[in-house]
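Fold and geometry: a report
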Amino acid sequence: MEDKYFDSSLILAAEDFPDDEFEKYHTFSEYENKILRKLIAHGPVLLRGGRGSGKSTLMKEAYFRTNRVPVSTSTLGVYLSLRYLPLLKSEGLEYEKIFCKLLIEKIKNVIQKYIETEVFFEPEPNVGNLQQALFDLSSKINKRFVLFFDDAAHIGRETPLKDFFDIFRTISSSYVSCKAAIYPGVTEFGTRFDLFNDASVIDIARNEEANSFTPFFVELLKVRYPVLITDYALRTISLEHFARFMGRAVTGNVRAFIFACNYLLDIKYSEVIALADIEATLKYLASEYYWPLLEELEPKLGGYEPLIEPTRILAEKLFHLVSETLDKPDYGPSCLVHREHVERLKKLFEIMEYAGFIVKRDASRAMKSGGRGTRYILNLCNLIEVIPNSRLTHDLVEKWASTEKEYCQIFRGGELDKIILPETSEKKDLGILEMSVEVLKKSKVYPYGLTDHKIDILKEGEIVTVSDLAEASDDKLYSLPDIGEYWVNRIRSVLGQAIWM
Amino acid sequence: MFTDIAKLSCGAYEQHDNCIEIFTNLYNVICNFEDRILELPHEDDETIRLLGPFYGRSLLENVCTTIVGRFDPFRILFVGEVQKQDSFGIASRSKSAIQWFGDIYEKGLENAELVPEKMWSSNKDFGKVGRGLLGDYYGELYWRPAFVSLLDDTNDYIGKPYLSDEIRSIPPEHFVKQTREGLSKLYSKLSKGVHSELVIRSELVFDRPTVLLLMSEVMQYCALLSLLSHKVKTTIGAMEFEDAVKRYDSIMERSERYGG
């Protein structure tokens, strides 16, 4: 029997929510609304953020708003996820053709859904033709197009990015506003694309110092976890305090927050949430979410695969160095790293940011030793793992919930100088593609992964590797026993997470 | 009436007798546009489209002119004298007026020219040194040190919510270039809504969400440049920095919620 039950607690990513359930489970604070306004207004925008920071949520919400009154009087939104394997494997004209075909199909769907008058839209799959057709159509329907490209950049495959940004730039016009979600560390914009001239870049970083931080997580708890926040459950800590602390513990990352709350629900020994439950949750996240994330990331990094090990070493060193200063008065869970380290180990810092170990808070601050450095805040999960005694006390909660006045300073030389950077090559294929479909099994990493039974069915249907599955057509999947619409969608979804994260 | 942008950009000009008249005029103009922009979201879509870009550009120009005058009073006094003369008429272009291109916006130097040995070469002809508000020379002598001083201020002003994120993500060495390019883009967008150069449908290019976002960006740029000007001790009318931060905060708070 097909499992049609929709369980929001299993859903970690916005792109996996059915459209009709999306609104019910998402909330937007003043901070998110500020970004949404930029995503809706005319002009090219790149939305940059680590895994689970809420890029897709914002892109989807902006897409819904552009097709809803009052905004829809002047706009027509089109949301396109670029999680499509052939795009990852192609370059140049081939990439352009595949990209345009995908986009044209999406635009046709949107026209069918939202435009009542009959219109003709059949461009050739090339940028020039598509651009002209969009211009003509826009004039006819009297609406500006807002194109949302989600997952535009794959962290381990930079070559097609040049092609993407070429198209992004060319297709943007007076009637077409392009918006794309990218990761920290995307550096290959091609020769024609000027990052700051051709787009506005918005970094998603929920800052616990901002007024909107606590209300956002309070609202999220109300929407997703009403059972966690009853007066009875939160007897030892106020809702605001709890929301802020948990939000800060995961550096404002929504995906990790959801993961934490799911675990807290599972382990709560009594009806009341005790400090020990919160502590156990943080430690669980460190061992079962953050560290495994680096392993999960490895086969998706292509040429950057060898950087995972030094990233792990860097993370360990950083968390240790910060933990050593935490006893000092006024010192908080962040660090200021000399710019020479940040420059040399740039990619490692980006991977750590992507995985949620750290978040960049200040691009440049003066160091006590002279020179300047970048300040990062650390997630509290990996930090509590390494602090002496490793216990979460009320004092510690209080300290970590307030803004720090001092932070660990990591000067030139020292421990970070010992990290050796291995050679990387841009051309290497993504390791995940050659892995067995077994990796897609339901697990902590893939809570909505596949059952053993379904994996056996895939294998019997000669779908052995992740690449085989990604290239299999819907028809091929439907032809397999026990696989209907629900499972095709679930397969596509877990596949998307496995290849793109 | 809202006066934060006017007060922050004009500063304590009253203490300078020789330019009080000029700055009073600028102050009143800025107040007027500031007020109109804050009322704009209550207007209908067409009014917003027709008036928004004009209000935004006018506010931006007047604030930048004011800051030019505070950095270089000679420049604004000169213009003031010219405009007092009988020969000055509004029917013809005034060559001595403060220009966006030249006095405010100045093209950035090529990378090869940006190195210290070129910028500060003793063979440099001073007459040819760009003195645009957003040029690289102003950048090196005024804006960058002011920006660094803000980042490192022991009062930790950048810890304040509305002062923080965008500013804190800019490395000081990129500040001038990024600000120049951002402001120039903003000015171009506003200009397209002011001039009759759009032969395509302006209601699609300047719809409500777009114009309101532009207005909020205008407020933010006006606030940031004005705030930093108070870190430059050689400007006239410098305010106590703490007071400037309060003004800045309230402008930013309004701009973040603007039209939302």
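This is a predicted model, so every value here is computed, not measured.

This brings us to the overall build of chain A. A count of helices and strands for chain A gives 20 helices and nine strands. On the principal axes, the C-alpha backbone points of chain A span a range of 70 × 55 × 50 Å. A total of 501 residues make up chain A; the buried ones form 46% of that total. Partitioning the intrachain contacts of chain A with sequence separation of at least 6 by distance along the chain shows that 76% fall at a separation of at least 24.

The helix and strand inventory of chain B stands at twelve helices and zero strands. Order of helices (α) and strands (β) in chain B, N terminus to C terminus: α-α-α-α-α-α-α-α-α-α-α-α. Taking 2.2 N^0.38 as the reference for a compact globule, 260 residues should give roughly 18 Å; the C-alpha atoms of chain B span a radius of gyration of 19 Å, in line with that estimate. Counting only C-alpha atoms, chain B reaches 55 × 50 × 40 Å along its principal axes. Expressed as a percentage of its 260 residues, the buried residues of chain B come to 39%.

This paragraph deals with the nonpolar core. Ranked by internal contacts, the top residues of the largest apolar core, which has 181 residues, are F148(A), F257(A), C335(A), C222(B) and A223(B). With 14 residues, helix α11 (residues 208–229) of chain B is the largest single contributor of residues to this core. The next biggest cluster of nonpolar side chains, apart from the first, holds 19 residues, and it includes I432(A), V437(A), L469(A) and I499(A).

Right, let's get into the sheet that holds strand β9 (residues 406–410) of chain A. Residues and elements named next belong to chain A. Strand order in this open sheet of four strands is β7-β8-β6-β9, and the pairing throughout is mixed. The strands lining the two open edges of the sheet, one partner per strand, are β7 (358–366) and β9. Neighbouring strand axes in the sheet, compared pairwise and without regard to direction, differ in orientation by 30° on average. The sheet contact formed by strand β6 (residues 331–338) and strand β8 (residues 372–378) spans five bridges and is antiparallel. Pairing of S334 across the sheet is with I377, part of β8.

Looking now at the domain arrangement of chain A. All names here are of chain A. What the domain assignment lists for chain A is domain 1 (8–203), domain 2 (213–298), domain 3 (302–418) and domain 4 (435–500). On a C-alpha basis, the centroid separation for the pair domain 1 and domain 3 is 34 Å. On the domain 3 side, the residues contacting the nine residues of domain 1 number eight residues. For the side of domain 1 that touches domain 3, the class distribution of residues is three nonpolar, four polar and two charged.

It is worth spelling out the interface of chain A and chain B at this point. Every contact between the two is made by 30 residues of chain A and, on the other side, 24 residues of chain B. Contributions of two or more residues to the side of chain A that touches chain B are made by α2 (30–40), α6 (127–141) and β7 of chain A. With six residues, the top contributor of residues to the side of chain A that touches chain B is β7(A).

A few words on unusual backbone geometry. Residue and element names in this part refer to chain A. Of note, the bond from V69 into P70 is cis; its omega dihedral lies within 30 degrees of zero at 10°. Relative to the helices and strands, P70 is located in the loop between α3 (55–66) and β2 (75–81). Unusually for a residue other than glycine, N142 sits at a positive phi of about 60°. Relative to the elements of secondary structure, N142 occurs in the loop between α6 and β3 (144–150). Phi at D151 is positive, roughly 55°, even though this residue is not glycine. Looking at the secondary structure, you find D151 in the loop between β3 and α7 (159–171). When the 23 C-beta atoms within 10 Å are taken as the criterion, D151 is described as buried.

Before going further, it helps to spend a moment on the sheet that holds strand β4 (residues 176–182) of chain A. Residue and element names in this part refer to chain A. Taken in spatial order, the five strands line up as β2-β3-β4-β1-β5 in an open sheet, and their pairing is parallel. Of all the strands in the sheet, just β2 and β5 (200–203) have a single pairing partner and so form its edges. Pairs of neighbouring strands in the sheet enclose a mean axial angle of 15°, with direction left out of account. Pairing of β2 with β3 involves seven bridges; the strand directions are parallel.

Looking now at the pairing of β6(A). Residues and elements named next belong to chain A. Taking burial as the measure, the eight residues of β6 include seven buried ones, the bulk of the element. In the sheet, β6 pairs with β9 via four bridges, with the strands oriented parallel. When the bridges of β9 are listed, V337 appears paired with I410.

Residues and elements named next belong to chain A. As for its placement among the helices and strands, I278 is situated in helix α11 (residues 275–297). Spatially, the C-alpha atom of I278 lies 41 Å from that of P44, the residues being 234 residues apart in sequence. In contact with I278, not counting residues within four places along its chain, are I273 and L392.

With 22 residues, α11(B) ought to run about 32 Å at 1.5 Å a step, and its terminal C-alpha atoms sit 32 Å apart, in line with that. Burial of α11(B) is extensive: 22 of the 22 residues sit out of reach of the surface.

Residue and element names in this part refer to chain B. Taken over all residues, the pLDDT of chain B has a mean of 90, while the share at 70 or more is 96%. Mean pLDDT per element in chain B: helix α8 (residues 161–168) is the minimum at 71, and helix α1 (residues 4–10) is the maximum at 97. Interface confidence for the predicted complex, expressed as ipTM, amounts to 0.85; the pTM equals 0.87.

Here we take up the environment of P145(B). Following the sequence through the fold, P145(B) ends up in helix α7 (residues 136–152). Measuring from C-alpha to C-alpha, the distance between P145(B) and M219(B) comes to 23 Å, with 74 residues separating the pair along the chain.

Residues and elements named next belong to chain A. Axis separation between helix α9 (residues 239–249) and helix α16 (residues 394–401) bottoms out at 10 Å; the angle between their running directions is 75°. Judged by the inter-axis angle, α9 sits roughly perpendicular to α16. Contact residues: α9 offers H241, R244, F245 and R248, while α16 offers V397, W400 and A401. A class-by-class count of the residues in the contact of α9 with α16 yields four nonpolar, one polar and two charged.

Take the environment of K328(A) next. Residues and elements named next belong to chain A. Tracing the backbone shows K328 in the loop between α12 (308–325) and β6. Overall, the presence of 10 C-beta atoms within 10 Å leaves K328 in the exposed class. For K328 and S74, which are 254 residues apart along the polypeptide, the C-alpha to C-alpha distance reads 56 Å.

Cut-off values and rules
- Residues numbered from 1 in each chain as written.
- Chains lettered and ligands numbered in written order.
- Predicted model: local features only at pLDDT ≥ 70, side-chain atom pairs only at ≥ 80, totals over all residues.
- Helix = DSSP H or I, 4+ residues; strand = E, 2+ residues; numbered from the N terminus.
- Buried ≥ 20, exposed ≤ 12 C-beta atoms within 10 Å, placed from the backbone.
- Contact = placed C-beta atoms within 7 Å.
- Rg over C-alpha atoms; globule rule 2.2 N^0.38 Å.
- Core = buried A, V, L, I, M, F, W, Y, C linked by C-beta atoms within 7 Å.
- Pairing = 2+ DSSP bridges.
- Axes fitted to C-alpha atoms, helices over the stretch in contact; angles between N-to-C directions.
- Domains from an automatic or database assignment.
- Nonpolar A, V, L, I, M, F, W, Y, C, P; charged D, E, K, R; others polar.
- Expected span 1.5 Å × (residues − 1).
- pLDDT = per-residue confidence, 0-100.
- Parallel < 35°, antiparallel > 145°, perpendicular 65-115°, else oblique.

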